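# Remarks on the overall topology
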Amino acid sequence: AALLRHGGDGTRLMQILREIQEQTGWLSPDILTRVAEGTRLPRGRIEGVAGFYHFFHTEPLGRYRVLWSDNITDRMAGNADLMARMCKKLWLKPGRVSEDGLVSVDTTSCTGLCDQGPALLVNYRPVTRMTAERVDQIVELIRHQTPLAEWPAEFFTVEDNIRRKDALLGADFQPGDALKALKSPQEVLDAVKESGLRGRGGAGFSTGQKWDFCRAALGSGANPAHYVVCNADEGEPGTFKDRVLLSSYADMVFEGMTVSGYVIGAKKGLVYLRGEYRYLLEPLNAVLEKRRAAKLLGQSILGRTGFDFDIEIHMGAGAYVCGEETALLESLEGKRGVPRKRPPFPVTSGYLGQPTAVNNVETLASAALITAKGAAWYKAIGTPKSAGTKILSISGDCERPGIYEYPYGVKVSQVLADCGARDTQACQIAGASGLCVAPNEFGRRIAFEDIPTGGSFMVFDNTRDMFQVARNFAHFFVHESCGFCTPCRVGTTLLANAMDKIDEGHGGEYDINDIWRVIRTLKTASHCGLGQTAGNCVADTLQKFRPSYELRLNVRDFEPAFDLDKALSKMREVTGRDDPGAHFHIAHRKSRAG
Ligand code: SF4
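No experiment lies behind these values; they were computed from the predicted model shown.

The next point concerns the overall build of the protein. A tally of helices and strands in the protein yields 26 helices and 16 strands. Seen through its principal axes, the protein has C-alpha atoms that stretch 90 × 60 × 50 Å. For the protein, restricting intrachain contacts to residue pairs at least 6 apart in sequence, the fraction spanning at least 24 positions comes to 71%. Accessible surface for the protein amounts to roughly 24,900 Å². Of this, 52% is attributable to carbon and sulfur atoms.

Here we come to the pattern of salt bridges. Per the counting criterion, the structure on display carries 49 salt bridges. For Arg291, the salt bridge goes to Asp251, with nearest N and O atoms at 2.5 Å. With Arg291 in helix H13 (residues 281-293) and Asp251 in helix H12 (residues 250-264), the pair connects residues that are 40 residues apart, well separated along the chain. For Arg291, a relative accessible area of 2% gives the class buried. When its relative accessible area of 22% is taken as the criterion, Asp251 is described as partly exposed. It is possible to trace a salt-bridge network through shared partners that takes in Arg5, Arg18, Glu19, Glu22, Arg278 and Glu282.

Right, let's get into the domain arrangement of the protein. Examined at the domain level, the protein breaks down into domain 1 (2-52), domain 2 (64-156), domain 3 (163-379), domain 4 (389-464), domain 5 (471-555) and domain 6 (564-593). With centres defined by C-alpha atoms, the gap from domain 3 to domain 5 works out at 35 Å. Tallying the contact residues gives ten residues for domain 3 and nine residues for domain 5. Together domain 3 and domain 5 conceal approximately 770 Å² of surface at their shared face, both sides included; 79% is due to carbon and sulfur atoms.

Further remarks concern the packing of helix H2 (residues 13-24) against helix H4 (residues 43-52). Two elements in contact, H2 and H4, have axes separated by 11 Å at closest approach and are oriented at 70°. Between H2 and H4, the angle is such that the two are roughly perpendicular. In the crossing of H2 with H4, the sense of the turn from one axis to the other is right-handed. In contact with Leu13, Met14 and Leu17 of H2, H4 contributes Ile46, Val49 and Ala50.

In this section: the environment of Leu3. Mapped onto the fold, Leu3 is located in helix H1 (residues 2-5). Put simply, Leu3 and Arg34 are 31 residues apart on the chain and 9.3 Å apart in space, counted from C-alpha to C-alpha. If we skip the residues at most four places from it in the chain, Leu3 touches Gly8, Ile16, Arg34, Val35, Gly38 and Thr39.

Take the nonpolar core next. The biggest cluster of nonpolar side chains holds 77 residues, and the ones touching the most others in it are Leu17, Tyr53, Ile515 and Val538. By residue number, the principal contributor to this core is helix H18 (residues 466-480), which donates eight residues. Filtering out sequence-adjacent residues up to four positions away, Tyr53 remains in contact with Met14, Tyr272, Ala317, Gly318, Ala319, Cys322, Ser331, Lys335, Arg336 and Gly337. The next biggest cluster of nonpolar side chains, apart from the first, holds 63 residues, and it includes Trp211, Cys214, Phe240 and Val361.

Tracing the backbone shows Asp70 in the loop between strand S1 (64-69) and helix H5 (72-76). Given the relative accessible area of 17%, Asp70 is considered buried. Look past the residues within four positions of Asp70 in its chain and what remains in contact with it is Arg75, Asn79, Thr107, Thr108, Ser109 and Asn472.

What follows is about the packing of aromatic side chains. Per the counting criterion, the structure on display carries 17 aromatic pairs. Ring geometry for Tyr227 and Tyr351: centres 4.8 Å apart, planes at 90°, overall edge-to-face. Of this pair, Tyr227 sits in strand S6 (residues 227-232) while Tyr351 sits in the loop between helix H14 (325-332) and strand S9 (356-360), and the two are 124 residues apart along the sequence. Pair check on accessibility: Tyr227 and Tyr351 agree, each one buried. Seen from their ring centres, Tyr320 and Phe477 are 6.2 Å apart, and the 70° between their planes marks the pair as edge-to-face. One end of the pair, Tyr320, is in the loop between strand S8 (310-315) and H14; the other, Phe477, is in helix H18, and 157 residues separate them in sequence. For the pair Tyr320 and Phe477, one class covers both residues: buried. The rings of Tyr64, Trp151, Phe155 and Phe156 are connected pair by pair, giving a single aromatic cluster. We note Arg274 situated over the ring of Tyr277; from NZ or CZ to the ring centre the distance is 5.1 Å. The ring of Tyr510 carries Arg517 above its face, with NZ or CZ at 5.9 Å from the centroid.

Read from one edge of the open sheet, six strands run S5-S11-S10-S14-S12-S13, paired in mixed fashion. Each edge of the open sheet carries a strand with a single partner, namely strand S5 (162-164) and strand S13 (435-437). Taking the axes of each pair of neighbouring strands and ignoring which way they run, one obtains an average angle of 30° across the sheet. As judged from the four bridges shared by strand S10 (residues 389-396) and strand S14 (residues 456-461), these two strands associate in the parallel manner. Of the residues in S14, the one forming a bridge with Ser393 is Ser456. This element, helix H11 (residues 241-248), spans S5, S10 and strand S11 (402-407) of the sheet and lies at about 115° to S10.

With an omega dihedral of 0°, the bond running from Gly117 to Pro118 counts as a cis peptide bond. Here Pro118 is to be found in the loop between strand S2 (103-108) and strand S3 (120-122). Cis geometry is adopted by the peptide bond preceding Pro343, which originates at Arg342 and carries an omega value of -5°. Within the secondary structure, Pro343 sits in the loop between H14 and S9. Phi at Ser300 takes a positive value of approximately 45°, unusual for a residue other than glycine. Note that Ser300 resides in the loop between H13 and S8.

We now examine the side chain of Thr111. As for its position among the elements, Thr111 is in the loop between S2 and S3. Residue classification places Thr111 among the buried positions, given a relative accessible area of 1%. Within the structure, Thr111 has its side chain in polar contact with the side chain of Ser69 (distance 3.1 Å). Among residues more than four places away in sequence, those in contact with Thr111 are Ser69, Ala119, Leu121, Arg274, Glu276 and Tyr277.

Moving on: the sheet that holds S3. In spatial order, the strands read S2-S1-S3-S4; together these four strands make up an open sheet with mixed pairing. Taken across any chain shown, the strands that pair with only one partner, and hence form the sheet edges, are S2 and strand S4 (125-127). With strand direction ignored, the average angle separating the axes of adjacent strands in the sheet is 25°. The pairing of S3 with S4 spans three bridges and is classified as antiparallel. Across the sheet, residue Leu121 finds its bridge partner in S4, namely Pro126. Taken strand by strand, helix H6 (residues 79-89) contacts S1, S2 and S3, and its axis lies near 160° from that of S1. The sheet strands contacting helix H7 (residues 132-143) are S1, S2 and S4, and the helix crosses S1 at an angle near 160°.

Reading guide: rules and limits
- Residues numbered from 1 in each chain as written.
- Predicted model: local features only at pLDDT ≥ 70, side-chain atom pairs only at ≥ 80, totals over all residues.
- Heavy atoms only, no water.
- Helix = DSSP H or I, 4+ residues; strand = E, 2+ residues; numbered from the N terminus.
- Contact = heavy atoms within 4.5 Å.
- Areas by Shrake-Rupley, 256 points an atom, 1.4 Å probe, with all protein chains shown as cover.
- Salt bridge = Lys/Arg side-chain N within 4 Å of Asp/Glu carboxyl O.
- Buried < 20%, exposed > 50% of the residue type's maximum accessible area, 1.4 Å probe, protein only.
- Domains from an automatic or database assignment.
- Buried area = accessible area lost by both parts, 1.4 Å probe.
- Axes fitted to C-alpha atoms, helices over the stretch in contact; angles between N-to-C directions.
- Parallel < 35°, antiparallel > 145°, perpendicular 65-115°, else oblique.
- Left-handed = near helix turned anticlockwise from the far one by under 90°.
- Core = buried A, V, L, I, M, F, W, Y, C linked by side-chain atoms within 4.5 Å.
- Phe/Tyr/Trp six-rings, centres within 6.5 Å; stacked < 30°, edge-to-face > 60°.
- Lys NZ or Arg CZ within 6 Å of the ring centre and 35° of its normal.
- Pairing = 2+ DSSP bridges.
- Polar contact = N/O pair within 3.5 Å; in protein donor to acceptor, adjacent residues only side chain to side chain.

See the structure below:
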């Protein structure tokens, strides 16, 4: 049915596989063969895509699939003990499926619920605020094979947790406000440029310029077209502001997409929604339906002949790298999410090779507001180089985690005071790939000219071990590297191994120097931003929190990570030998002396 619904279109492979998996529970070899036949794509391509994404399963899973969010903030909130409790009660090892095929329990990267963790996904529905009591209740529900629809509704409550509103979250905005204010495409474009709006994903490219380049680019091939893409794949650990925008401000986001389509001459918009937000798909589709009924989407929007634009939502399937816009486009086209070479840039050759404007959720919401309220109003907020506001997702050691919107230029110290952080040792701003800020830097500002961020703001008080924070992020990048280029594929693993070695007490100065070498290689030789920034947190913590490394450096010289002598113990046991000659280090030393 999924193949039929999508007309066997291979560019919709992600959606086809997801819909089939939702019916069958996993993607069996037979299913992959049938999808290959139905889409007329090589079977290897189908298998390659199914194997690439964390949320596609080519092995059978339990009927209840539990995935514990494993961001550092979940760890700080005690997810490891709770997961161990769940596994013990279910007689299950993490990562395994129970013998009867009933349940599997594992971890996954940050699920965008850090303000109400520890959190987990069960069959991709989020359960927040996990406690020992809730673990016990869930175990019982699973044992009794209670359908999810009959689980207590409060388990699935996801709060917005908006703690501070400013120009965007506090705006008086009704659906259609921006569309009713539209002037000519050129005038709207000029207003967006004039407002100083810059991309909210973190890179900060001028939105007006991006739209201008895209508008000027010519489509190619038999079906030339322009596209608008909303990047709703917020996967940066500690970020959850797009979750809130899509839950409670979807009209504003969709209206921003429609404005973008009007300016660049696109008739179609695509939202790439991260797999972890699967539960938002139906509510978002309901908003789209309402907008179509109100003539805010579809043909002749607001009765204006020729103003046609519609939006479709595509689900991602758990790949952090797809937050990178060219990897996202590959994924939208039904391929593995491997970043493309640039140039050409998406504005000239994006979705299906056509000019495409890819913007962040918050950027598009801001564009709608600017169109409704004017460039001058917006430009007056923030700093000269960073107009407007920034929404921060605050989590970790603070009394009031949640969503905070500030005019650009707010000091880190102000944010910490507002969220009720005490004895703060560090803030990790902009996620695992971002900046680790020490107390002597708390006077710095959130702004493109100082600390740019996509919105993640994790707080660590002085009881936290910053080495472990960096180790968690090092492992995150191993998990999320797409494997395309060697510096990143190998470098992230080497980095995580070195951190583990130090953690186990086998590290010395040699390993620290090795870490610096790996970080340099990652930064300079990786193909995309993921690899280039994968060493940032280790580098920052090494510079700013060196004692947390020093106290683990027990080895003066070099000690190999692999203990050959220990590995030979089995053979000694089998051969019944335990004399000095059967021990590697003794024999080795003798031969060197001799
Ligand atoms: Fe993939 Fe990492 Fe290379 Fe980027 S840097 S292309 S994520 S392997």
